[in-house]
Structures are given as structure tokens and as C-alpha cells.
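Each chain, letter by letter, is given below.
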Amino acid sequence: MRVRTGRFRLYAAVARGGFRRYATYRIATLAGVFTNTVFGLILAYTYIALWDERPGLGGYDQSQALTFVWLGQAMLTVMALMGGGFEGELIERIRTGDIAIDLYRPADLQAWWLASDLGRALFQLLGRGVVPMVVGALVFDLALPTDVLRWLGFLVAVLLGMVVSFAIRFLVALSAFWLMDGAGVSQMALLAGTFFSGMLLPLNVFPGALGQFARALPWSALLQVPADVFLGKHTGVDLLATYVFQIGWAAALLTAGRLLQAVATRRVVVQGG
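Scoring rules and cut-offs
Residues numbered from 1 in each chain as written. Predicted model: local features only at pLDDT ≥ 70, side-chain atom pairs only at ≥ 80, totals over all residues. Heavy atoms only, no water. Helix = DSSP H or I, 4+ residues; strand = E, 2+ residues; numbered from the N terminus. Rg over C-alpha atoms; globule rule 2.2 N^0.38 Å. Contact = heavy atoms within 4.5 Å. Core = buried A, V, L, I, M, F, W, Y, C linked by side-chain atoms within 4.5 Å. Buried < 20%, exposed > 50% of the residue type's maximum accessible area, 1.4 Å probe, protein only. Axes fitted to C-alpha atoms, helices over the stretch in contact; angles between N-to-C directions. Parallel < 35°, antiparallel > 145°, perpendicular 65-115°, else oblique. Left-handed = near helix turned anticlockwise from the far one by under 90°. Nonpolar A, V, L, I, M, F, W, Y, C, P; charged D, E, K, R; others polar. Polar contact = N/O pair within 3.5 Å; in protein donor to acceptor, adjacent residues only side chain to side chain. pLDDT = per-residue confidence, 0-100. Expected span 1.5 Å × (residues − 1). Phe/Tyr/Trp six-rings, centres within 6.5 Å; stacked < 30°, edge-to-face > 60°. Salt bridge = Lys/Arg side-chain N within 4 Å of Asp/Glu carboxyl O. Patch = residues over 30% accessible without salt bridge, like charges linked within 9 Å, V, L, I, M, F, W, Y side chains within 5 Å. Areas by Shrake-Rupley, 256 points an atom, 1.4 Å probe, with all protein chains shown as cover.

Trainee: Provide a residue-level description of the overall build of the protein, including the pertinent values.
Mentor: Scanning the protein from terminus to terminus reveals 12 helices and 0 strands. The helix and strand sequence of the protein, counted from the amino end, reads α-α-α-α-α-α-α-α-α-α-α-α. The globule rule puts the C-alpha radius of gyration for 273 residues at 19 Å, and the 19 Å found for the protein is close to it. Seen through its C-alpha atoms, the protein measures out along the principal axes to roughly 65 × 40 × 40 Å.

Right under this line is the structure:
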């Protein structure tokens, strides 16, 4: 019990450190808020033109579509959809060999980076997510929930999305053990995340089999799923099934990351020996 409590305190401290680390970059945060807000305005007017031509597109009315835009701007850095997470640092540590020090620490590599990334994501949610959403609500007629339970359900979906996002990027970073440079894999993951998360357009707009395929991929758990929970598209049993979808992908990807980490650790040990 003491060991578990000690580990929990350790990872909680790592998460707090991740939060404080990003909180120190005040100018960068303000610049990011400004950028997210400007792009949100550009996208919002683009969506208005599109939904004027195609009312009800993807099952959203115009107010819901605009809400989706601003949720996307709020979640952009939270889910590290355009990069900016831990993966670049971890890839660099693998490339330089500093990862050997991390693997010999009395702390799990995956849990350490997960805690740190959750701290980062929480700061980005508060520091760069809230203001653009408020601006969007002031300028446009957004479909904001009036039910506290829906807000809580949305926050649960966001938390699960954070874990899925980390798990994807952890696998991307570990590829550097074999490629020595994870830039290519990172770029492919970034493009896939941008397209299949709903960042460009809601996945419900995608036609037929493409839409079904896109919604079944893990990236949909990062934006499409939390946005639909926020908009009340998932309630009751369907909401539980949505959480199961996110948890399933999180478990599968974290397990894959743990297995890959074990293989990489053996490789480091053999080479070190």
C-alpha cells in the first residue's frame, strides 16, 4: 500500500510539474490564444457559408456546427492535434541515448510521460481552451449545454481523449528506437490526427463507408467524440457506449505501447551490455 501511495504521489508531482512547465510560457500562451481565436473566426464564417448552402449537414444545425468549430479550437492544443506535446522531447532522448537513464529510473517510463502530458493538457485546456470558447460564445450563437451533467459528461470524454492522444503519440515516439528519427512517423500521425479527429470537418459529414471508417479510428476519440457529447448527441446508454469506445482504444494503445516499451528496454539492455 505504501509503495502504491508513493508512486501515486510521484506521478501526481510529475503531472503538477508538467502543468507548471507550460504555465511559465505566458507570452506563448497569449499568442496561442490569439491565434486560436483568429482561426476560429475564419473557420466559423467558412462554416456559416457551408451550412447556408447545406442546412443540417452531418446532422448539425448551424449553431451546433459553429459550436464544433470553437470546440476544435479549444481542443487543438489539449489533444496536441498539431503537435507540441511530449513526443518531440522523448524522440530526442531516444536519439541521443539519454533514454537509457530514464529506463533505469525506479519509475515506469509510460506512466511518467503520461502524467507529465496530462499536466500539460490540463494547462492547455485552461490556458488556451477557455478564452477562444468564450470569444466564440460572445460573437456567435453557440449551442451551449444548460445541463450540468452534460458538462461533466463532456469533461469525462475530454479526459479519456487526452489518454488516447497520449497513447498514440507514445507509440509514435517509441518508433525512434528503430528509426532513430521519428520525424516521418510524427508527420504521418499529425496528418492522420488532423483529418480523422474532425479538426478539418466533423466526421459525421464524411459520406458512407469513409465516415464509418473515420469514426471507428482512435483519432475520433480526441475531438469528434467529446464534441458530440457536448452537443448532446450521446446520452444514456449511448453515452456509456461512447466511453467504452474511448476506453477500449486507450487500453489497446497503452498496452501496445507497454509491449513496445518492453522490447525497446531489452534492446537498450543488450546494447548496453
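What follows continues from the structure just given.
Trainee: Can you break down unusual backbone geometry residue by residue, with the values?
Mentor: A positive phi is found at Ala80, a non-glycine position, where the angle reads about 50°. The topology assignment puts Ala80 in the loop between helix 3 (62-75) and helix 4 (87-96).

Trainee: Can you tell me about the environment of Ala44, naming the residues and giving the values?
Mentor: Structurally, Ala44 can be placed in helix 2 (residues 26-53). Distance from Ala44 to Gln62, taken between C-alpha atoms, is 9.9 Å for residues 18 residues apart in sequence. Contact partners of Ala44, with chain neighbours within four places excluded, come to Leu66, Val69, Trp70 and Phe140.

Trainee: How would you summarise the nonpolar core if you had to cite specific residues and measurements?
Mentor: With 69 residues, the main nonpolar core has Met75, Met79 and Leu90 as its most contacted residues. Take this core: its biggest share by element is 13 residues, from helix 7 (residues 148-174). With residues up to four places along the chain from it excluded, the contact list for Met75 reads Leu81, Leu125, Phe154, Val158 and Leu223.

Trainee: Summarise the environment of Leu144; cite the residues concerned and give the values.
Mentor: On the secondary structure map, Leu144 appears in the loop between helix 6 (109-139) and helix 7. Here Leu144 falls in the partly exposed class, since its relative accessible area comes to 38%. Setting aside residues up to four positions removed in sequence, Leu144 forms contacts with Met133, Ala137 and Phe230.

Trainee: Can you tell me about the packing of helix 4 against helix 7, naming the residues and giving the values?
Mentor: Closest axis-to-axis distance for the helix 4/helix 7 pair is 9 Å, and the angle between their directions is 25°. Judged by the angle between their axes, helix 4 and helix 7 are roughly parallel. The two elements helix 4 and helix 7 cross, and the hand of that crossing is right-handed. Seen from helix 4, the contacting residues are Glu87, Leu90, Ile91 and Ile94; seen from helix 7, they are Arg169, Phe170, Ala173 and Leu174. Across the contact of helix 4 with helix 7, the residue classes break down as 6 nonpolar, no polar and 2 charged.

Trainee: Explain the side chain of Ser175 residue by residue, including any values.
Mentor: In this structure, Ser175 sits in the loop between helix 7 and helix 8 (176-179). On the basis of relative accessible area, Ser175 is assigned to the buried category, the value being 15%. There is a polar contact of 2.5 Å between the side chain of Ser175 and the backbone oxygen of Val172. The contacts of Ser175, once residues within four sequence positions are left out, are Gly182 and Val185.

Trainee: Requested: an account of the confidence of the model for the protein, with residues and values cited.
Mentor: Within the protein, residue pLDDT values average 91, and 96% of them lie at 70 or more. Averaged pLDDT values for the elements of the protein fall to 83 in helix 5 (residues 99-103) and rise to 97 in helix 11 (residues 224-230).

Trainee: Residues and numbers for helix 2, please.
Mentor: In this model helix 2 runs 41 Å from its N-terminal to its C-terminal C-alpha over 28 residues, within 8% of the 40 Å that 1.5 Å per residue would give. By the burial criterion, the buried members of helix 2 are Thr29, Gly32, Val33, Asn36, Thr37, Gly40, Ala44, Tyr47, Ile48 and Trp51.

Trainee: Give a detailed account of the packing of aromatic side chains, specifying residues and quantitative values.
Mentor: Within this structure, the stated rule accounts for 15 aromatic pairs. For the ring pair Trp151 and Phe230, a centre distance of 5.0 Å and an interplane angle of 90° mean the geometry is edge-to-face. One end of the pair, Trp151, is in helix 7; the other, Phe230, is in helix 11, and 79 residues separate them in sequence. With 6.0 Å between their ring centres and 70° between their planes, Phe177 and Trp178 make a pair best called edge-to-face. By relative accessible area, which is 38% here, Trp178 ends up partly exposed. Every member of this aromatic cluster is reached through a ring pair, and the members are Phe195, Phe196, Phe206, Phe213 and Trp219.

Trainee: Describe in detail the pattern of salt bridges, supporting the description with residues and values.
Mentor: Scanning the model with the defined rule gives 7 salt bridges in all. For Arg169, the salt bridge is made with Glu87, and the minimal N-O distance between the two is 3.0 Å. Highlighted residues: Arg169 in helix 7 and Glu87 in helix 4, separated in sequence by 82 residues. Looking at Glu87, the relative accessible area reads 10%, which means it is buried.

Trainee: Explain a nonpolar patch on the surface residue by residue, including any values.
Mentor: Among the surface-exposed residues, Tyr45, Leu122, Leu126, Val130, Val134, Leu138 and Val139 lie close enough to one another that they form a single nonpolar patch of about 680 Å² accessible area. Among the elements that take part in the nonpolar patch, helix 6 stands out by supplying 6 residues, more than any other. As for its position among the elements, Leu138 is in helix 6.

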